[in-house]
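Coordinates in review
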Amino acid sequence: MAEIVIKNVAKSFGSFKALHSVDMTISNQEFMVLLGASGCGKTTLLRIIAGLETPTQGEVWIGGRRVDHLPPRQRGIAMVFQNYAVFPHLTVFENIAFGLRMQKMDKAEVERRVTRTAELMHIEQLLKRYSGQLSGGQRQRVAVARALAMEPDVILMDEPLSNLDALLRLEMRAELKGVLADSKTTTIYVTHDQVEAMSLADRISVMNGGRIVQSDSPVEVYRNPAARFVGSFIGNPPMNFMEAKRTGTGRWRVGGIEIDGPQADRGTLEFAIRPEDVTRAEAGFAATARVVEPLGAHTLVTCEVGGKPFRAIIDSDDPIAPGDTMTLAPQPARVRWFDPETQTAIS
Ligand code: ATP
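Below, the structure is looked at part by part. (Residues numbered from 1 in each chain as written. Predicted model: local features only at pLDDT ≥ 70, side-chain atom pairs only at ≥ 80, totals over all residues.)

We now examine the sheet that holds strand β10 (residues 211–216). Spatially, β6-β7-β8-β3-β9-β10 is the arrangement adopted by the six strands of the open sheet, whose pairing is mixed. Each edge of the sheet is formed by a strand with only one pairing partner; in this case those strands are β6 (77–80) and β10. Taken pair by pair, the neighbouring strands of this sheet meet at an average axis angle of 15°, ignoring direction. Both strand β7 (residues 154–158) and strand β8 (residues 186–191) contribute to a ladder of five bridges, which runs parallel. (Pairing = 2+ DSSP bridges. Helix = DSSP H or I, 4+ residues; strand = E, 2+ residues; numbered from the N terminus. Axes fitted to C-alpha atoms, helices over the stretch in contact; angles between N-to-C directions.)

Moving on, we get to the sheet that holds strand β12 (residues 251–254). Adjacent strands of a sheet pair through backbone hydrogen bonds, lying either parallel or antiparallel. Across the sheet, six strands lie side by side as β13-β12-β11-β14-β19-β20; this open sheet has antiparallel pairing. If you trace the sheet from one side to the other, it starts and ends with β13 (257–260) and β20 (345–346), each paired once.

Where helix α2 (residues 92–102) meets helix α4 (residues 136–149), the closest approach of the two axes is 8 Å, and the angle between their N-to-C directions is 35°. Between α2 and α4 the crossing geometry is right-handed. Of the residues in α4, those touching α2 at Val 92, Asn 95, Ile 96, Phe 98, Gly 99 and Leu 100 are Val 142, Ala 145, Arg 146 and Ala 149. A per-class count over the contact of α2 with α4 returns seven nonpolar, two polar and one charged. (Left-handed = near helix turned anticlockwise from the far one by under 90°. Contact = placed C-beta atoms within 7 Å. Nonpolar A, V, L, I, M, F, W, Y, C, P; charged D, E, K, R; others polar.)

Since the α-helix packs 3.6 residues into each turn, any two residues three or four apart lie on the same face. Look at α4: 20 Å from first C-alpha to last across 14 residues, which is about the 20 Å you get at 1.5 Å a residue. In terms of burial, α4 is largely enclosed, as 11 of its 14 residues are buried. Residues Arg 139, Gln 140, Arg 141, Val 142, Ala 143, Val 144, Ala 145, Arg 146, Ala 147, Leu 148 and Ala 149 constitute the buried set of α4. Each element contacted by the buried residues of α4 is listed here: β6, α2, α3 (107–120), β7 and α5 (166–182). (Expected span 1.5 Å × (residues − 1). Buried ≥ 20, exposed ≤ 12 C-beta atoms within 10 Å, placed from the backbone.)

Before going further, it helps to spend a moment on the packing of α3 against α4. For the pair α3 and α4, the least separation of the axes is 9 Å and the interaxial angle reads 135°. Taken together, the axes of α3 and α4 lie oblique to each other. Considering the relative orientation of α3 and α4, their crossing is right-handed. Contacts from Arg 113, Val 114, Thr 117, Ala 118 and Leu 120 of α3 reach α4 at Ala 145, Leu 148 and Ala 149. Split by residue class, the contact of α3 with α4 holds six nonpolar, one polar and one charged. (Parallel < 35°, antiparallel > 145°, perpendicular 65-115°, else oblique.)

Right under this line is the structure:
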């Protein structure tokens with residue numbers, strides 16, 4: 001059992017606050033992804049959990065044991081970092097066996113574990129090769145295999161696929177997901193790649209400016225962003241945002257039309273809709289297409305609505321050219337509303 005509990009953890013570097021009071025619980029065997037833009041504090045939080053960085057305040061608990069004063073090797077975790085520290089002068093076998101030998105595990109068990117994890121990562125044919133002779137992608141697999149061979153309760157990964165080309169990355173993503181789903185490991189995985197986050201996570205914690213802004217399932221984070229930042233960060237392209245003016249109880253004027261919305265007693269709110277959640281209809285936003293980008297199954301159209309850019313994803317069979325006008329109706333169930341001051345969602 002390895003539940004991870006982070007209590008009120010903060011980290012300052014001099015006068016710079018890299019993390020502001022983070023509270024988070026990762027359940028036993030959960031796959032948690034920390035997602036956010038460069039510099040938001042993901043790596044710092046992971047390093048604090050690993051014991052490679054000391055928090056300025058707060059506590060870290062793993063499996064019911066307080067660990068923030070313990071060195072990394074006493075925390076019962078395995079790590080895979082971006083610069084995957086595979087020893088070039090050792091064979092693949094010896095690299096994977098490294099941690100097991102440190103534990104003085106008997107030879108037969110080392111052999112069993114190395115073979116098994118190498119098979120899982122599809123590198124069994126490379127076991128006798130020196131790691132210095134491997135491609136980046138192969139070395140990356142060795143690093144992951146080495147961590148898995150430890151059969152850790154907790155595995156921490158920081159952008160472990162970042163150095164792979166797009167195709168290999170896709171392949172490795174699926175492999176990792178399969179392997180970790182079959183293991184009993186609790187995983188924390190850092191990435192700035194939202195597709196990777198969506199694909200792998202049981203739960204995504206979206207970080208911004210040293211804070212966790214939302215911690216939810218991938219679908220929830222995508223469909224129901226709790227903060228404007230989440231809607232603007234997740235989704236490619238991100239949500240469209242427009243100012244909405246109150247015209248009456250629960251009625252709002254947005255993009256030149258009047259629609260139902262929250263009963264909030266506010267003069268203005270921010271209306272948000274994903275590009276794929278608008279449809280061409282009789283009534284809706286009057287839009288003029290400016291840029292048309294065929295994406296295969298769909299077409300991304302950057303339009304103008306009320307003089308502002310607005311993106312719509314439409315069926316690729318739908319003929320559209322720059323300069324065309326169309327009417328775009330937001331799907332009511334998919335509309336989100338944000339408080340312009342707090343930038344948080346109004347439900
Ligand atoms: P990336 O995706 O680029 O790795 P990140 O979200 O992982 O970004 P962190 O590496 O956690 O970000 O860094 C958070 C902030 O803390 C950054 O602004 C960074 O410059 C700062 N920082 C990190 N380590 C140190 C350090 N040792 N000394 C001073 N500032 C640091």
